[in-house]
Amino acid sequence: MSGWREAYEHSLSDPDGFWGEQSDLVSWFAKPNVILDRSHPPFYRWYVDGRLNTCYNALDRHVINGRADQAALIYDSAMSGVQVTLSYAKLLEKVAAFAGALRAFGVGPGDRVVIYMPMIPEAVVAMLASARLGAVHSVVFGGFAAAELAARIDDAQPTVVVSASCGLEPGRVVAYKPLLDRALELCAHQPRVVVIKQRDELAADLIEPRDVDWDTALRAGATDPAGCAEVAATDPLYVLYTSGTTGKPKGIVRDNGGHAVALTWSMRHIFDISAGDVWWTASDVGWVVGHSYIVYAPLFAGSTTVLYEGKPVGTPDAGSFWRIIEEHRVEGLFTAPTAIRAIKKEDPEGALVQRRSLDSLRNLFLAGERLDPQTYQWASETLGVPVIDNWWQTETGWPIVANPRGLDPLPIKAGSPSMPVPGFDVHVLDEHGNACQPHQEGAICLRLPLPPGTLPTLYNDDDRYVSSYLSAFDGYYLSGDGGYIDDDGYVFVMGRTDDVINVAGHRLSTGSIEAVLASHPAVAECAVIGAADQVKGQIPRGFVVLKAGHEVDHQSLASELVVLVREEIGPVAALKDVSVVSALPKTRSGKILRKTMRQIADGAEAPVPSTIEDAQVLEALRPALRKQQPAAGGDV
Ligand code: COA
Ligand code: AMP
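Residues numbered from 1 in each chain as written. Chains lettered and ligands numbered in written order. Predicted model: local features only at pLDDT ≥ 70, side-chain atom pairs only at ≥ 80, totals over all residues. Heavy atoms only, no water.

So, on to the environment of S418. The topology assignment puts S418 in the loop between β21 (401–402) and β22 (419–420). It is 33 Å that separates the C-alpha atoms of S418 and S39, two residues lying 379 residues apart in sequence. In contact with S418, other than residues within four places in its own chain, are V401, A402, N403, L410, P411, G489, Y490 and V491. Within polar-contact distance, the side chain of S418 engages the side chain of N403 at 3.1 Å. (Helix = DSSP H or I, 4+ residues; strand = E, 2+ residues; numbered from the N terminus. Contact = heavy atoms within 4.5 Å. Polar contact = N/O pair within 3.5 Å; in protein donor to acceptor, adjacent residues only side chain to side chain.)

Moving on: the pairing of strand β17 (residues 304–309). The buried fraction of β17 is high, at six of six residues. Of the two faces of β17, the one carrying T304, V306 and Y308 and the one carrying T305, L307 and E309 are both buried. Sheet topology note: the strand β16 (residues 278–281)/β17 ladder contains three bridges and is parallel. Directly across from W280, in β17, lies its bridge partner V306. (Buried < 20%, exposed > 50% of the residue type's maximum accessible area, 1.4 Å probe, protein only. Pairing = 2+ DSSP bridges.)

With that out of the way, let us pick up the site of ligand 1. Taken together, 23 residues sit near ligand 1, with E169, R172, T338, R566 and K576 positioned nearest. In the model, a nitrogen atom of ligand 1 is placed 3.3 Å from a nitrogen or oxygen of the G142 main chain. One of the side-chain N or O atoms of R172 is found 2.7 Å from an oxygen atom in ligand 1. Within the complex, the protein chains bury 83% of what would otherwise be the 930 Å² of accessible surface of ligand 1. When the residues that make up the shell around ligand 1 are grouped by side-chain class, the tally is 11 nonpolar, six polar and six charged. For the shell around ligand 1, the two domains that each supply at least three residues are domain 1 (2–310 + 390–482) and domain 2 (504–625). (Near = heavy atom within 4 Å. Areas by Shrake-Rupley, 256 points an atom, 1.4 Å probe, with all protein chains shown as cover. Nonpolar A, V, L, I, M, F, W, Y, C, P; charged D, E, K, R; others polar. Domains from an automatic or database assignment.)

Right, let's talk about the sheet that holds strand β26 (residues 491–496) for a bit. Across the sheet, four strands lie side by side as β23-β24-β25-β26; this open sheet has antiparallel pairing. Two strands in the sheet have a free side with no partner beyond their single neighbour: β23 (426–429) and β26. Across the sheet, the mean angle separating the axes of adjacent strands is 50° when strand polarity is ignored. Of the pairings in the sheet, the one linking β23 to strand β24 (residues 442–447) comprises four bridges and is antiparallel in character. Bridge assignment links V426 to a residue of β24, and that residue is L446. (Axes fitted to C-alpha atoms, helices over the stretch in contact; angles between N-to-C directions.)

A complete count under the given rule lists 36 salt bridges for this structure. The closest approach of N and O atoms between D24 and K31, which form a salt bridge, is 2.5 Å. Judged by relative accessible area, D24 falls into the exposed class, the value being 53%. Here K31 falls in the partly exposed class, since its relative accessible area comes to 49%. (Salt bridge = Lys/Arg side-chain N within 4 Å of Asp/Glu carboxyl O.)

So, about the pairing of β16. Burial along β16 is two-sided: the residues V278 and W280 and W279 and T281 are all buried. Summarising the sheet, β16 and strand β18 (residues 332–335) pair through three bridges and their orientation is parallel. The residue of β18 that forms the bridge with T281 is F334.

This paragraph deals with the domain arrangement of the chain. If you check the domain split of the chain, you get domain 1 (2–310 + 390–482) and domain 2 (504–625). Between the C-alpha centres of domain 1 and domain 2 there is a distance of 34 Å. Contact residues are listed per partner, giving 17 residues for domain 1 and 13 residues for domain 2. For the pair domain 1 and domain 2, the two sides together bury roughly 1,100 Å², of which 50% comes from carbon and sulfur. Of all residues in domain 1, A145, S243 and W287 bury the most surface against domain 2, accounting for 35% of the area lost on that side. One can count one salt bridge joining domain 1 with domain 2. (Buried area = accessible area lost by both parts, 1.4 Å probe.)

Our focus in this paragraph is helix α6 (residues 146–156). All buried positions along α6 are accounted for by A146, E148, L149, A150, R152, I153 and A156. Its buried side turned inward, α6 meets β6 (112–116), β8 (160–164), α7 (176–186), β14 (236–242) and α17 (554–568).

Moving on, we come to the side chain of H62. Inspection of the secondary structure assignment puts H62 in helix α3 (residues 54–67). Using a relative accessible area of 7% as the deciding quantity, one classes H62 as buried. For H62, the residues in contact, after removing those within four places along its chain, are N57, R67, A68, Y88, L299, F300, A301 and G302.

This is the structure we're talking about:
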């Protein structure tokens, strides 16, 4: 493969040729002859007549090709102090055994398996075992509470749910099983079997006969391990729920064939990682970054993936990341800017970096939220390696805009993730659908068809797929992000244009938090905005108006609402700040002026509303809005 420009132009002028060539990166049971099926626009399908197995590509073929003894997965828990290395042969053995167990519980091709687990190797084993059977996994992030888990279980209708007795967060053991039991009480759908990994820190009560112990299931599965089911390239590999603008999460579908090709391609050409290299993504398997770059891509590539259970700071200190790099000789690290900001806050001079040898590290990749120039600068200077921003979404599954470190690396511009990745036809459009001029901000859109690995649709909901993403501008996918392209073609992503907010690299819907606040009997109406935060990028802030006649203590109500959101959505919502206000500013048609509120909260100039009443409402709100910290990356 030659340079970026040639690859990019080839991918757009001849997608069938480009992605046909790249399909050789994957082992197929039946090689595809049809590369891109355009017969049902706006639905496009890649490799329609190809047949493969994702787990085979992640594990079996590497064992067959001489990597049996190479480390596939290094588990490093800063929470428990445990370190485990699993070779490709060992990981395959466990996956085949657990797939055997799942099969014995009735899981077959197309059946769903919900995985609600902390960052332990069993989570990876469960994902790959599901893939091995041609089943469809749906991983739910551990920071979600029972009601969110229940909504996902009811939508996915799994045959089996796999979970663990607990997760480990700084200073507390999070009992997962009671959350799962509560979720299943709320669910209309019931799984046939629940498999629980009992961890040393906490034993869960098992409800027989539904609940089965992981170790027992694994032993039984080992007596009849499962082989790889042959699936169509277009069959779903997983469904991952993500926040939309409404409270109902969107089930992003990922298919098997396009995913395997795109991720394998990305590992070498974007992330500069080859077979035998050591790669670490510090995220969580509950997010898309974890799916793609903790589990699938590094294993497709035959590299070693590090699975880290811990935080960037406080477990035990801001030097954990540097310890991991030194101990495991990590060559590429991928995390979110938030993690770097948290480290910078604790160790601004980088003293803990100096204590470690980071000579193995070639690149630091950051994504999940905007990389502010100060954080970029600090990381570049402190680590002395290229710091590579890359922009993408759960929907796309891999980077849309990035600096291709394995093609020909482009000059870095702070504040931009660089250039569009081959396969992504990136445009910035104004509200009428016209192309914006260089530097003119608009909606970032992708001309259809999207490349392999991106979402073919939403789970069981083609209509919502079209209405959410494809209906704004004919022939384009609407990313939901705003930004601009400069004279050199560099893309600058400035933030969401909808009601999605990004808290510590976690995507949340203000709509779903508002729904919880509005459910309180004292609340007449409410608004949630994402206000700038120095470490987390954004944090949610809630504003509620009381129902007439409700005399409640404002402080107690605010605390109650914080607890309610934690119970209903989960700690990940990170809502800590609720203000009781007398009114909310609205447009004439009754839409709350959330953007104006956010601008005031962030200390920016906000346009004054057209009516005197609105201006007065805003003036009254100003003190409550303005008690905010500087934006991400700002001086501490
Ligand atoms: N299970 C249960 N609870 C969880 C959880 C999990 N898997 N993950 C997070 N939580 C809890 C946290 O304990 C915290 O609870 P608290 O309010 O009682 O303190 C809450 O959810 C909010 O978590 P978080 O937003 O992560 O904040 P934090 O203060 O614990 O940590 C950072 C802040 C910056 C250190 C942390 O967010 C981080 O490491 N971010 C890296 C970014 C990242 O991984 N992004 C993923 C996409 S790339
Ligand atoms: P998620 O689907 O959780 O990965 O979140 C996707 C959203 O995170 C995007 O729509 C952006 O708003 C934001 N995002 C991710 N990566 C970047 C980046 N490199 N720069 C700016 N925003 C980003």
